[in-house]
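Chain and residue survey
Listed below, chain by chain, are the residues.
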Amino acid sequence: MKLCHAAALALVGWYLMMPPQTPDDVYITNAPLSHWHVQRAFDTATECENYSTFFWDYLKNEPKKQKLFLDLAQCISSDDPRLAK
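The following refers to the structure shown. What you are looking at is a predicted structure, and each value in this text was computed from that prediction instead of being measured. For every chain, the first residue of the written sequence is number 1, and numbering continues from 1 onward in sequence order. Selection of residues for local features in this predicted model requires a pLDDT of at least 70, selection of side-chain atom pairs for listing and counting requires 80 or more, and totals for whole chains, interfaces and linings are taken over all residues. With hydrogens and water excluded, all non-hydrogen atoms of the structure serve as input to the side-chain values.

Disulfide assignment relies on a single distance test, namely cysteine sulfur atoms paired within 2.5 Å. Taken as a whole and assessed by the stated rule, the structure comprises one disulfide. Note on cysteine connectivity: Cys48 is disulfide-linked to Cys75, with sulfurs 2.1 Å apart. Judged by the sign of its S-S torsion, about -95 degrees, the bond between Cys48 and Cys75 is left-handed. Here Cys48, found in helix H2 (residues 45-58), pairs with Cys75, found in strand E3 (residues 74-77); they are 27 residues apart in sequence, far enough to count as distant. As far as burial versus exposure is concerned, Cys48 and Cys75 are alike and both buried. Think of it this way: any DSSP run of H or I at least four residues long counts as a helix, any run of E at least two long counts as a strand, and we number them from the N terminus. The rule is simple: take the accessible area with a 1.4 Å probe, protein chains only, and divide by the maximum for that residue type; under 20% is buried, over 50% is exposed, in between is partly exposed.

Rendered as structure tokens:
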């Protein structure tokens, strides 16, 4: 692998993202990814997925929020072209 390719790969991070909400707390799941909100940033996809699992467990006493998080949260690469505005 060339050094420039390795450097480019090192710059890629991961975001745990949620869709935007209306004022009455309805999630707009069909909104373009560029309008979604970054909940947290990670260095690797594994870290993002692990945090997602941890957070899902954290919400175990709130089943509605847990299901909402499970259904909506997504780990997205920081270089995903859908993030471009």
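Still to come is the rest of the account.
Here we take up the nonpolar core. Grouped together as the largest cluster of nonpolar side chains are nine residues: Leu16, Met18, Phe42, Cys48, Leu59, Phe69, Leu72, Ala73 and Cys75. At the level of elements, strand E1 (14-18) and helix H3 (63-72) are the ones that each hand at least two residues to this core. Side-chain atoms within 4.5 Å link the members of a nonpolar core, which is a set of buried Ala, Val, Leu, Ile, Met, Phe, Trp, Tyr and Cys residues. By size, the runner-up hydrophobic cluster in this structure holds six residues, among which are Met17, Ala31, Ile76 and Leu83.

In this section: the packing of H2 against H3. Two elements in contact, H2 and H3, have axes separated by 9 Å at closest approach and are oriented at 160 degrees. When the axes of H2 and H3 are compared, the pair comes out roughly antiparallel. As for the relative orientation of H2 and H3, their crossing is left-handed in sense. Contacts between H2 and H3 involve Ser52, Phe55 and Trp56 on the former and, on the latter, Gln66, Phe69 and Leu70. Three residue categories are used. Nonpolar comprises Ala, Val, Leu, Ile, Met, Phe, Trp, Tyr, Cys and Pro, charged comprises Asp, Glu, Lys and Arg, and polar comprises the others, including Gly. When grouped by side-chain class, the residues that make up the contact of H2 with H3 number four nonpolar, two polar and no charged. Comment: axis = line fitted to C-alpha atoms, over the contacting stretch for helices; angle = value between 0 and 180 degrees taken between N-to-C directions. When describing relative orientation, an angle under 35 degrees is termed roughly parallel and one over 145 degrees roughly antiparallel, while 65 to 115 degrees is termed roughly perpendicular and anything else oblique. Take the far helix as the reference: if the near one is turned anticlockwise from it by less than a right angle, the crossing is left-handed, and if turned clockwise, right-handed. In what follows, a contact means two residues having at least one pair of non-hydrogen atoms within 4.5 Å.

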